[in-house]
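As a plain string of letters, each chain reads:
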Amino acid sequence: MNWNNVKTLLIVLLLAANVFFGALLVLQKINTDYIREETVDHAITLLRKSGIGIEKDAVPRAKNQNRFAVGHFDDSYYEQTVSAITDDASYVTRTTVNGMIVQLQESKAVFEFIEPFAFFYENGSENGALVKEMFASDSFVLPFSETEEKKTVLSQKQEKAMERFLLGVDETGGYELSLIGLYEDADNGFVYAKAEQKRSGSAIGGNEAICVFDGDALVYAEGNWIFRGIDEAYTVDLYDQIDALFFEKQYAEQNVSEWNESVEIASVESHYSLFWNNLKTEFYLVPSWKILYTGGEERIYNAVNGNLYTK
């Protein structure tokens, strides 16, 4: 018996077995984490019978892997946010009916918070005050549209300042920002940057912020933003995008009188919806599905319990 040949044969068999089981694991992961093509085709056919048009590319294949997240909110939230954002060691606070105003002693910058997550900031400069006055005017219109091609790019210092302000408070939250509007005003040189807040790649409903730069300096910002992190996150069973589309099919059939003609779904997106406990001491980021129509209408389904939630 030629042991060299036997050893070679055994090695080949072991390699073949590894390839086979590796392929099985990959196939299992694909079936677990992704929607099958024929399932998408079947759903599209049924939707069209209910008067809802949708292109195949509008349905993502990856299932929603987001985790149910819990954060806390208390009396220290605003001051801790300011302390983390700024290098100023001293500031004075004034409690308002629905939030807090914080003025820094050294830079004269001012933060205003409105419960729970709305904020306004101006850096204490003359241009900061000017932009704040512009934004407060009823006639002021932002100079860009999210659908337009971006008219400029952020400098490295501007980008770092924006990330420092919006993301630098607490790294445990896993928050991200996605730039959705950018414009440089030729008249005054101000750069306007609009971002939406995300977690695990999914937008948090209603959370957006606008930052205004004079040169590399962030002079003004406002929006709705969660600055503090997440205390706990849980993996829970979720309804997938096909479930969400069937929920929408049922909605369409029950409300068909509202639609005079066929409507078209533009996209189906994984999403986070914000909920609170009764005492407003804890907030919950709940994995959801957002269904957006070409006319701009949107409906959001809670991916945990399947309930319709549109805010």
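Above this text you will find the structure in question.
Here the residue numbers are simple positions, counted from 1 along each chain's written sequence. At least 70 in pLDDT is required for a residue's local features to be given in this predicted model, at least 80 for side-chain atom pairs to be given and counted, and no such filter applies to totals for whole chains, interfaces and linings, which use all residues. Where side-chain values are given, they derive from all heavy atoms of the structure, hydrogens and water being excluded.

Below, the discussion takes up the pairing of strand β7 (residues 175-184). Moving residue by residue along a regular strand, the side chains alternate between the two faces of the sheet. In the sheet, β7 pairs with strand β8 (residues 190-199) via nine bridges, with the strands oriented antiparallel. The residue bridging Glu-176 from the neighbouring strand is Lys-198, located in β8. Strands are treated as partners if at least two bridges between them are detected by DSSP. Think of it this way: any DSSP run of H or I at least four residues long counts as a helix, any run of E at least two long counts as a strand, and we number them from the N terminus. Where β7 folds back onto β8 in an antiparallel hairpin, the turn is made up of five residues, including Gly-189, whose phi is positive at roughly 80 degrees.

Okay, the environment of Leu-142 next. Structurally, the position occupied by Leu-142 is in the loop between α4 (126-136) and α5 (156-167). On the basis of relative accessible area, Leu-142 is assigned to the partly exposed category, the value being 27%. Linking Leu-142 and Tyr-192, residues 50 residues apart in sequence, is a C-alpha distance of 8.4 Å. The contact criterion used is simple: two residues touch if any of their non-hydrogen atoms lie within 4.5 Å. Among residues more than four places away in sequence, those in contact with Leu-142 are Phe-135, Tyr-192 and Ile-210. For each residue, the accessible area found with a 1.4 Å probe, counting protein chains only, is set against the maximum for its type, and the residue is called buried under 20%, exposed over 50%, and partly exposed in between.

Moving on, we come to helix α6 (residues 241-254). Note on helix geometry: an α-helix contains 3.6 residues per turn, so any two residues three or four positions apart are oriented the same way. To estimate how far a helix should extend, the number of its residues minus one is multiplied by 1.5 Å. When the terminal C-alpha atoms of α6 are compared, their 20 Å separation across 14 residues agrees well with the 20 Å that a helix rising 1.5 Å per residue should span. Within the span of α6, buried status applies to Gln-241, Ile-242, Ala-244, Leu-245, Glu-248, Lys-249 and Ala-252. Along the axis of α6, the buried residues cluster in a sector spanning 155 degrees; they form a single face. Those residues of α6 that are buried are in contact with α2 (37-49), β1 (52-54), β12 (263-276), β13 (282-293) and β14 (298-302). Counting of polar contacts relies on pairs of N or O atoms within 3.5 Å, with two restrictions inside protein: one atom must be capable of donating a hydrogen and the other of accepting it, and residues adjacent in sequence are counted only when both atoms are side-chain atoms. The residue sitting at the N-terminus of α6 and contributing the capping side-chain oxygen is Asp-240; that oxygen lies 2.9 Å from the backbone nitrogen of Ile-242. Working definition: the arc comes from the directions between the helix axis and the C-beta atoms, pointing outward to the latter.

This part covers α4. By the burial criterion, the buried members of α4 are Gly-128, Val-131, Met-134 and Phe-135. Around the axis of α4, the buried residues are gathered within 120 degrees of arc, so they sit on the same side. Exposed residues lying more than 90 degrees from the buried face of α4 are Glu-126, Glu-133 and Ala-136.

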